[in-house]
Structure formats: structure tokens, C-alpha cells
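Commentary on secondary and tertiary structure
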Amino acid sequence: MFSHFRTMWLVFLHLFRKKVTIQYPEEKVQLHPRYKGRIVLTKDPDGGERCVGCYLCSAACPVDCIALQATQDENGRRYPEFFRINFSRCIFCGFCEDACPTYAIQLIPDFEMGEYKRQDLVFEKEDLLINSQGKYPGYNFYKVAGMDAGVKQKGHGANEELPVDVHSLLP
Amino acid sequence: MSTAQHIWTVIGVLFVLLNIAAGLIWVERRLLALWQDRLGPNRAGPLGLLIVLADTLKLFFKEDWIPPFASKAIFVVAPAIVAGTVLISFVIIPFAPNIVVADLNIGLLFFLAMSSIGVYSIVLGGWASNNKYSLLGALRGASQMIAYEVFMGLSLMGVVMLSGSFNLGAIVEAQRDLWFVVTQPVGFLVFFIAGVAETHRLPFDIPEAESELIAGFHAEYSGMKFGMFFIGEYLGITLISAMTVTLFFGGWLGPSFLPPLVWFILKTFFFIGVFILLRASLPRPRYDQLIEYGWKVLLPLVLANLMITGAVALYLKDS
């Protein structure tokens, strides 16, 4: 019986505690830098698209909300012809970000993307592409890749040796 | 009192009570939220008060649905019984020296009788729903009410002995020197616990028990029929609070810087707050624990209280 009164008194004292409620539209939630929100496509330091159209994000997506078509430019650089994310399906799990080999697709701390029409939640490439390097500044896939896609010549990349002339016998 | 005055009293009491019952939706949600470190509904209107209007409108516009397997007539009548009996119980409560609807000389017995009839709404509602969970809730409700009805009545007999009357006005007058909570603390505690069980509020909401019986006896109800159960519950809280104040805390008596009616309302709202605090703090006991607690602890306690009060009253009368 006494413990019941003690419980009631302690619960009553909660009246004077600080409330945890955040008055949302007026007060904003503190989002952390790695919060998994809206998905964006980032660019490399030279302003080119990082996405190489490998389809790994699309394959990793558990709800199949990513659709893309890869293509190549005249230099052999791969890029997505279209890149479409249906945010009405997306569950913001971040698997696409984990799967991406070129740090192109990233989740950013923004969740305020309500729309009045469902069709407006389907984001095309121009909606997704941002003019920023996102969480990995300075990274340029074609600078460290072995191939020549118009960014650098073969053998001139970081940690890359010049190609060996296989017809020469000199060491 | 003249007839016109009578009619105005009835209308006034009805108006105030129904508004209080609706307003308690907001009071309860806000208070519960504050005690759980939240803010609660604060958007619609000033301080969120219009949530009451929104809730009521929502209930009114819901489809008034009767399940095809239910027993229709009883299903419809059941929610009206609970609200009706509780409202009728209010006629005997003296809100202020001259504001009472019916000054019955057996007022207390009338109150006990009406709260007993209130059980029928639970039993009939659960039975007519033709649903296993509802029936279980109805069964629990019936046995809980019978158990707690017994010593609810007995716990009040001490008050009746001390004041020598069943009339609530006379009981209030008898407390002019000393509130009965001082002379009858056991009676007060037992009455309040029984009152919580009688209104089947948490922690004694065994007939509803959301987590076990998915709302129990009113699982099949929706729309304004559910709303009637809801109003009945809030009116019940108000009734038990008002009765506690009348019987043990001196009713409308109080220092004269406030009018009697204000004292009565203040005290009543204090006990409504206690009801909500009980809900916020105590967990629900198991069903057999509840019944065992009633018959094995509270009943002997209240009988002992009755005997001692009677002995003391006799001794004081002789000397």
C-alpha cells in the first residue's frame, strides 16, 4: 500500500520535469550528419557524375524502388541515362549507399519531402543530382580506376604505374 | 423551490455535467501526457481545448455500425444504460446548500442502487456483442462489480452511523466541525478503491483490459455508441469524485472566501485528478488478484471498521 502511494507521488513529480516533446514545425529535430534521409547523387571534385551505372544499388534495394539505365559517352565513361527513385516505396535503409562502389549515391539528413500528389514522389536524375561531393570530398573514381575515360590517361592515376611496353626487352 | 427553479436546476446540472464529461477527454489526455513527460494535445484551439470538439465530431461522423451477429436491441440499449444510470445518480448530490435536484432522504441507498444497475450495461453489452472477448470482459465486469459493490455499501455505513442519516445534505451538514475522512479514514480508502473498481478505471479496468481482451465488453462498439460508454466512464469518474467529496471531505463546506459551489467543484476536480494519477502510475492487477484482494482483504477490513465505528458510536451516545 505504501509503495503505491510512493509510486503515485513519484509519477506526480514528473509534472515538473522537462518535456521530451519537440514542437515539430516550429522546433526542428536535431539530425545527425549520418542520418539516413533523402537520397542524392553526388558529383566528383571536377563536377562530373560519380555514378557509373553499375546497377548494384538497384540490386541491393530491398523494395526495388531504384531504376536506372547505364550508357557511355564518347570517351567510354559510363553514366546513367536515367536514374529514377520512387520515394513512396523507399524505406531509407541505406543499402544502396553501402552497395555503391563509387560513393555516388548517398543518404542525407533531410526527411521533409511530403508531397500532395503521389506521382511527385518519383524523383528523376535531375531531382537527385546535387552539385556537391557529399560525405567523401576529393574522391574521383575515374582518377583511381585503371581505365582511360577522358579524365586521365592510362597510367597517370593515383598509385598507378605507367603501362609496360610488352614489346621491349629492356627492364 | 418552485417548479421553474427545479427545471432550471436540472437543466443546469445536466449541461455542466455533460460538458465536464466531454472536457475530461482533454483533461485526461493532457494530464497523462504531462505525467509521462510529454505535452499532449495542444494544437487545436487554445491549449488544445478544441480536441474535445474534434473527437466528438469524429465520433458523430463514424458509421453507426451494428455487427450482423449481434443481438440488435440489447446492443443498442447497453451503452445508454451506463450513461443513464450515472446521470440519474447525480440527482441526489448536493452541489451547494440549495442546489440539489432531488433531496431524497435515502439518497445514499439510491446512489448504491443506481451504480448496481450500471453493471447491466457491461453485462448486456458484452453479451449482445456475441464475441468471445466481449463475453469474457462482461463476465469479469459482472464478478468485479458484485465483489466491490458489497463493501462499497459497507464502507459507507460508518458515515451513516456518524451522521445518523442517509440524506446527503444532512451528511454534509454533519461534517461542519470535522470532515469524515478524519474519523473514517478506512472507510474513505475502501470507498475510493471500490469507486475505482466500480467505474472500471485503471488500475481496475479488468473488463476492458486493452492488452488482454482488446477493449473487452465494448470491442464491437464504434461511433457514438462507443462514445456513450466513454461518456458514461467519465461521468462515473465525476460521480465517484463528487460522492467522495460529499461523504468524506465536507461537500460544499469550506472557508467562506469562496462560494460553496466553487469549493465543491474544486474538491471534485482534485479527486478527478487523483483518478487520472492512478491511471498514470499503477499497473493493472491480475484478475484473480483483484477478486482475492476484494474478498479477502477489503471486506474483512471494512467489517472491522464497521464494528469499531458502531462500538464507538454507541459508547459516545451512552456517555
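Here the structure is a predicted model, which is why all the values come from computation and not from measurement.

What follows is about the overall build of chain B. When you go through chain B residue by residue, the secondary structure sums to 13 helices and zero strands. When its helices and strands are written in sequence order, chain B yields α-α-α-α-α-α-α-α-α-α-α-α-α. Computed over C-alpha atoms, the radius of gyration of chain B comes to 20 Å, within 12% of the 20 Å expected from 2.2 N^0.38 for 319 residues, which places it in the range of a compact globule. Its C-alpha atoms give chain B principal-axis dimensions of about 65 × 45 × 45 Å. When burial is assessed residue by residue, chain B has 51% of its 319 residues classed as buried.

What follows covers the nonpolar core. Membership of the largest hydrophobic core comes to 72 residues, with the highest contact counts inside it found for B:Phe90, B:Ile93, B:Phe111, B:Tyr148, B:Met243, B:Leu247 and B:Phe248. Those residues in contact with B:Met243 that sit more than four places away from it in its chain are B:Ile92, B:Ile93, B:Leu108, B:Phe111, B:Leu168 and B:Phe191. Counting residues in each nonpolar core, the second largest holds 21 residues, with A:Ala104, A:Leu107, A:Leu121 and A:Phe123 among its members.

Residue and element names in this part refer to chain B. A complete count under the given rule lists 15 salt bridges over all chains for this structure. Here Arg201 ties to Glu28 by a salt bridge, and the two come within 2.6 Å at their closest N and O atoms. Here Arg201, found in the loop between α9 (185-198) and α10 (210-213), pairs with Glu28, found in helix α1 (residues 3-35); they are 173 residues apart in sequence, far enough to count as distant. With its nearest N and O atoms 2.9 Å apart, the salt bridge here joins Asp288 to Arg286.

Spatial ordering of the open sheet is given by β2-β3-β5 (chain A), a layout of three strands whose pairing is antiparallel. Here the strands that pair on one side only, and so sit at the sheet edges, are β2 (66-72) and β5 (122-123) of chain A.

The next thing to look at is the environment of B:Leu14. Here B:Leu14 is to be found in helix α1. For the pair B:Leu14 and B:Gly45, spaced 31 residues apart in sequence, the C-alpha to C-alpha distance is 25 Å.

Residue and element names in this part refer to chain B. In a regular helix each residue adds 1.5 Å, so 18 residues correspond to 26 Å; helix α3 (residues 72-89) covers 27 Å between its end C-alpha atoms and thus fits that length. Remark: the principal bend of α3, roughly 25°, maps to Ile81. Among all positions in α3, only Phe75, Ala78, Pro79, Ile81, Val82, Ala83, Thr85, Val86 and Ser89 are buried.

Turning our attention to the confidence of the model for chain A. Averaged over chain A, the pLDDT score is 87; the fraction of residues at 70 or greater is 100%. Mean pLDDT values for the elements of chain A range from 84 in helix α5 (residues 141-144) of chain A up to 92 in helix α2 (residues 56-60) of chain A.

Before going further, it helps to examine unusual backbone geometry. All names here are of chain B. With a phi close to 65°, Asp37 is a non-glycine residue in the positive phi region. We classify Asp37 as buried; its relative accessible area is 15%. Despite not being glycine, Asn130 shows a phi value in the positive range, around 55°. With respect to the helices and strands, the residue Asn130 is situated in the loop between α5 (119-128) and α6 (132-163).

Attention shifts here to the side chain of B:Asp37. Following the sequence through the fold, B:Asp37 ends up in the loop between α1 and α2 (51-61). Buried charged residue B:Asp37 carries no salt bridge. Nearest counter-charge: A:Arg17, at 4.1 Å. The contact partners of B:Asp37, leaving out residues within four places of it in the chain, are A:His14, A:Arg17, A:Lys18, A:Lys19, A:Val20 and A:Thr21.

Let us look at the interface of chain B and chain A. Of the residues lining the interface, 16 residues belong to chain B; the matching set on chain A comes to 18 residues. For the pair chain B and chain A, the summed buried area comes to about 1,400 Å², and 65% of that belongs to carbon and sulfur atoms. It is B:Trp35, B:Asp37 and B:Arg43 in chain B that bury the most area against chain A; as a group they hold 39% of the surface buried on that side. On inspection of chain B and its partner chain A, the count reaches one salt bridge. One salt bridge connects A:Glu26 with B:Arg43, and the closest N-O pair in it is separated by 3.3 Å. Our count for the chain B to chain A interface comes out at eight residue pairs in polar contact (both at pLDDT 80 or more). Broken down by secondary-structure element, the contributors of at least two residues to the side of chain B that touches chain A are α1, α9 and α12 (260-281) of chain B.

Moving on to the environment of B:Ala54. All names here are of chain B. One can find Ala54 in helix α2. The exposure class assigned to Ala54 is partly exposed, which follows from its relative accessible area of 39%. Separated by 10 residues in the primary sequence, Ala54 and Asp64 place their C-alpha atoms 18 Å from one another.

On to the side chain of B:Thr199. Residue and element names in this part refer to chain B. Considering the arrangement of structural elements, one finds Thr199 in the loop between α9 and α10. Here the side chain of Thr199 touches Val196 through a polar contact of 3.2 Å, landing on its backbone oxygen. Leaving out residues up to four positions away in the same chain, Thr199 has contacts with Glu233, Gly236, Ile237, Ile240 and Phe275.

All names here are of chain A. Of the strand pairs in this sheet, β2 and strand β3 (residues 78-86) are connected by seven bridges, and their pairing is antiparallel. Looking at β3, one finds that Gln69 is bridged to Phe82. Counting the residues between successive antiparallel strands, the hairpin from β2 to β3 contains five residues, one of them, Gly76, with a positive phi of roughly 85°.

A few words now on the packing of aromatic side chains. In this structure the tally under the stated criterion is 28 aromatic pairs over all chains. Pairing A:Phe141 with A:Tyr142 gives two aromatic rings, centres 5.2 Å apart and planes at 70°, and the pair type is edge-to-face. For A:Tyr142, a relative accessible area of 3% corresponds to the buried category. Residues B:Phe270 and B:Phe271 carry aromatic rings whose centres are separated by 5.3 Å and whose planes lie at 85° to one another, so their mutual orientation is edge-to-face. Accessibility expressed as a relative area gives 4% for B:Phe271, which makes it buried. Chaining the aromatic ring pairs together yields one cluster made of B:Phe111, B:Trp179, B:Phe188, B:Phe191, B:Phe192, B:Phe248, B:Phe249, B:Phe270, B:Phe271 and B:Phe275.

Conventions and cut-offs
- Residues numbered from 1 in each chain as written.
- Chains lettered and ligands numbered in written order.
- Predicted model: local features only at pLDDT ≥ 70, side-chain atom pairs only at ≥ 80, totals over all residues.
- Heavy atoms only, no water.
- Helix = DSSP H or I, 4+ residues; strand = E, 2+ residues; numbered from the N terminus.
- Rg over C-alpha atoms; globule rule 2.2 N^0.38 Å.
- Buried < 20%, exposed > 50% of the residue type's maximum accessible area, 1.4 Å probe, protein only.
- Core = buried A, V, L, I, M, F, W, Y, C linked by side-chain atoms within 4.5 Å.
- Contact = heavy atoms within 4.5 Å.
- Salt bridge = Lys/Arg side-chain N within 4 Å of Asp/Glu carboxyl O.
- Pairing = 2+ DSSP bridges.
- Expected span 1.5 Å × (residues − 1).
- Bend = angle between axes of the 7 residues up to and from the residue.
- pLDDT = per-residue confidence, 0-100.
- Lys, Arg positive; Asp, Glu negative; His and termini not counted.
- Buried area = accessible area lost by both parts, 1.4 Å probe.
- Polar contact = N/O pair within 3.5 Å; in protein donor to acceptor, adjacent residues only side chain to side chain.
- Phe/Tyr/Trp six-rings, centres within 6.5 Å; stacked < 30°, edge-to-face > 60°.

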